[in-house]
Amino acid sequence: MREHVRPAPDREVETLVAFGADDVAWLVDLMEQDTVSPLEGGDPAGLARAQARFVEGAAERGFALRESSAPPASFLERPGVPAQVLDAVGAHGESFLRDQPSAVVALGAPQPPGRRLVFNFHMDTVGPHLPPLVENGVLHGRGAVDDKGPGVAALLGAAAAFAEDPSLAEEIEVLVTSVPGEEGGAMGVYGTRWVVESGWVGRLMVFAEPTGARVFDACSAAMTPRVTVRGLDSTDDHPYDGHNATLALSMAACRLTEVLGPMAERLGAKICLSGLHTGTSHNRVYGSGELRLNIAYYDVAAADELAAAVERVLPMVADEVARRFGSNPVARQLVRDWSQVVRLDWLKRGLPPLANRDETMERLLKDAGLPRHDAIGDGSAFTCDAIWAAGPGRYVVACGPGGLDTNGAHTAQEFVALRDLEEYAGRCRDLVRRFGAWARGTAGPA
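If you're wondering where the values come from, they're calculated on a predicted model, not measured in any experiment.

Scoring rules and cut-offs
- Starting afresh in each chain, residues are numbered from 1 along the sequence in its written order.
- Owing to the predicted nature of the model, reporting of local features is limited to residues with pLDDT of at least 70; listing and counting of side-chain atom pairs is limited to 80 or more, with chain, interface and lining totals taken over all residues.
- To get the side-chain values, take all heavy atoms of the structure and skip hydrogens and water.
- A run of DSSP states H or I qualifies as a helix once it reaches four residues; a run of E qualifies as a strand once it reaches two. Both are numbered from the N-terminal end.
- As defined in this context, the radius of gyration uses C-alpha atoms, and a globule is described by 2.2 Å times the residue total to the power 0.38.
- Think of it in three bands: with a 1.4 Å probe and only protein chains considered, a residue is buried below 20% of the maximum accessible area for its type, exposed above 50%, and partly exposed in between.
- When checking whether two residues touch, look at their non-hydrogen atoms; a contact exists if any pair is within 4.5 Å.
- Only protein atoms enter the 1 Å grid used here. Points where a 1.4 Å probe fits but cannot escape make up a cavity, open sets with protein on both sides within 12 Å along at least five of seven lines make up a pocket, and a residue lines them when an atom lies within 4 Å of a point.
- Grid points are joined across faces, edges and corners, and a volume is the space filled by probe spheres set on the points.
- Residue polarity is assigned by list, with Asp, Glu, Lys and Arg as charged and Ala, Val, Leu, Ile, Met, Phe, Trp, Tyr, Cys and Pro as nonpolar; anything else, Gly included, falls into the polar class.
- Working rule for helices: expected span equals 1.5 Å times residues minus one.
- We define the bend at each residue as the angle formed by axes fitted to the 7 residues ending at it and the 7 residues starting at it.
- Two strands make a pair as long as DSSP finds a minimum of two bridges between them.
- Axes here refer to lines fitted to C-alpha atoms; in helices the fit is confined to the stretch in contact. Angles between the N-to-C directions go from 0 to 180 degrees.

Chemist: Explanation requested: the overall build of the chain in the structure shown.
Modeler: For the chain, the helix and strand inventory stands at 11 helices and 19 strands. Taking 22 Å as the expected radius of gyration for a compact globule of 446 residues, we find that the chain reaches 24 Å, a close match to that expectation. Each principal axis of the C-alpha atoms in the chain carries an extent, and together these give about 80 × 45 × 40 Å. Per-residue burial over the chain gives 56% buried out of 446 residues. For the chain, the proportion of contacts with a sequence separation of at least 24, taken over those separated by at least 6, is 84%.

Below you can see the structure in the form of structure tokens.
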């Protein structure tokens, strides 16, 4: 690993941690591992293979393995576990969680949480898998910016700090936690939640998510209501004999939009009217289908109000369909059997949002070139697994290089400039050194 200095407009001198050829090769190797979330159709075993490569590469850079583990099945009996996760466990059996380990590696002697700085990143990705390519200083492929690239950069930055100041090893402990289960709606319940509740927490916890190197200390949580119709199909020969799921769900979509849209705006939440599916044929009445929404929120009171509104809307839809279409043959079976064939359930609910402030740690971050940003104020905050990390004596933030939108995360064009990763590594290096000085108590933040 080499360092070099260049001028920067916002700081007198900005150091970046230049990646060596071996560092780039390690990152490319991690990206070559197909770690598409099993909730998006990926092979569950791919994650464990990638974690083994991660631990090996971290050891080559001086990190010690503190833990590699996955939660027991009983851990998923707790509140807040999305239905998608339970479905995946049911489909794959006991091997599912075993194939989804978290890895915790560390620099420095073991310390109490008050003298720990934790970097967290998720090894799982959205689908489909995209092989990596380095071209003209730009890294393309799945995980480039979300989230393997930022995770490796944070680790290399921490390693550079300890190489420059070996005395840090006796003063602080820096953890890098590599977790599964952030994508696909898993919400971190078998990755970050497990790691946090296993005690791998610190005074400052940085989730290396793409935020443009700005500090977001608030993250939304999300809930997912699902409206389903489970009735009888019919053909165009007898189109009035089926329970018309297309009519039921389209009416539900319209009414939910009408009620929830203004309410979410007032409460600072976001409504995503997402998937509605019954079928594709022109000559069939589909008696089954589903409508899903995603509701992101920043406080529990808003979540409760929105959830109550969702549950009020469905009876309103039933009344409206009966009133408007009660004598219409297209809706006859649906109106008659509505209470038996239409239902509401929740795929996710009860997850905690993140909102915390800490003047001391904010100063440390700012002085390392990582300024706090009011992400709720301008709508740039997003949902991630940092929601599980909040607790007494901790400042939890999302902060990493690149941007979800600007760098094509979750698209076929995902990329990140290697220089952006190197600059972020330099800031992580500075942060580690400043955290060490703060912990030492001889030179706090400026």
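Chemist: Quick question: what am I supposed to make of the layout of surface pockets here?
Modeler: To find leftover empty space, a probe the size of one water molecule is rolled over the atoms. Looking at the largest pocket, its volume works out to about 1,100 Å³. Within the lining of the largest pocket, the residues separate by chemical class into 15 nonpolar, 17 polar and nine charged.

Chemist: Help me out: how do you make sense of helix α7 (residues 245-267) in this one?
Modeler: Since one α-helical turn is 3.6 residues long, residues separated by three or four positions face the same way. Counted at 1.5 Å a residue, the expected span for α7 with its 23 residues is 33 Å, and the 31 Å between its end C-alpha atoms agrees. The largest bend along α7 measures about 30° and falls at L260, with the proline P262 one to four residues further on. Elements in contact with the buried residues of α7: β11 (221-230), β13 (270-277), β15 (288-297), α8 (300-325) and α9 (332-341). A positive phi of about 75° marks G268, the residue just after α7.

Chemist: Hey, could you run me through the pairing of strand β9 (residues 204-207) in this one?
Modeler: Along a regular strand, successive side chains alternate from one face of the sheet to the other. Burial along β9 is two-sided: L204 and V206 facing one way and M205 and F207 facing the other are all buried. When strand β5 (residues 116-122) meets β9, the two strands line up parallel, connected through four bridges. Bridge pairing links N120 to F207 in β9. Bridge count between β9 and strand β18 (residues 395-398): four bridges; the pairing is parallel. Opposite V206, over in β18, you have V397 as the bridge partner.

Chemist: Teacher, can you tell me more about the sheet that holds strand β6 (residues 133-135) here?
Modeler: In sheet architecture, strand pairing relies on hydrogen bonds along the backbone and comes in two forms, parallel and antiparallel. One open sheet holds the three strands; their spatial order is β6-β7-β19, and the pairing between them is antiparallel. Single-partner strands in this sheet number two, and they are β6 and β19 (415-417). With strand direction ignored, the average angle separating the axes of adjacent strands in the sheet is 20°. In terms of strand pairing, β6 meets strand β7 (residues 138-140) through three bridges, oriented antiparallel. Its bridge partner lying in β7, L133 is registered against H140. Sitting on the sheet, helix α1 (residues 21-32) touches β6 and β7, and the angle it makes with β7 is about 20°.

Chemist: What should I look at first to understand helix α5 (residues 148-164) in this one?
Modeler: An ideal rise of 1.5 Å per residue puts 24 Å on 17 residues; α5 measures up with 24 Å between its terminal C-alpha atoms. The element α5 is extensively covered by neighbouring structure, given that 15 of its 17 residues are classed as buried.

Function-wise, these values are silent; they only describe arrangement.
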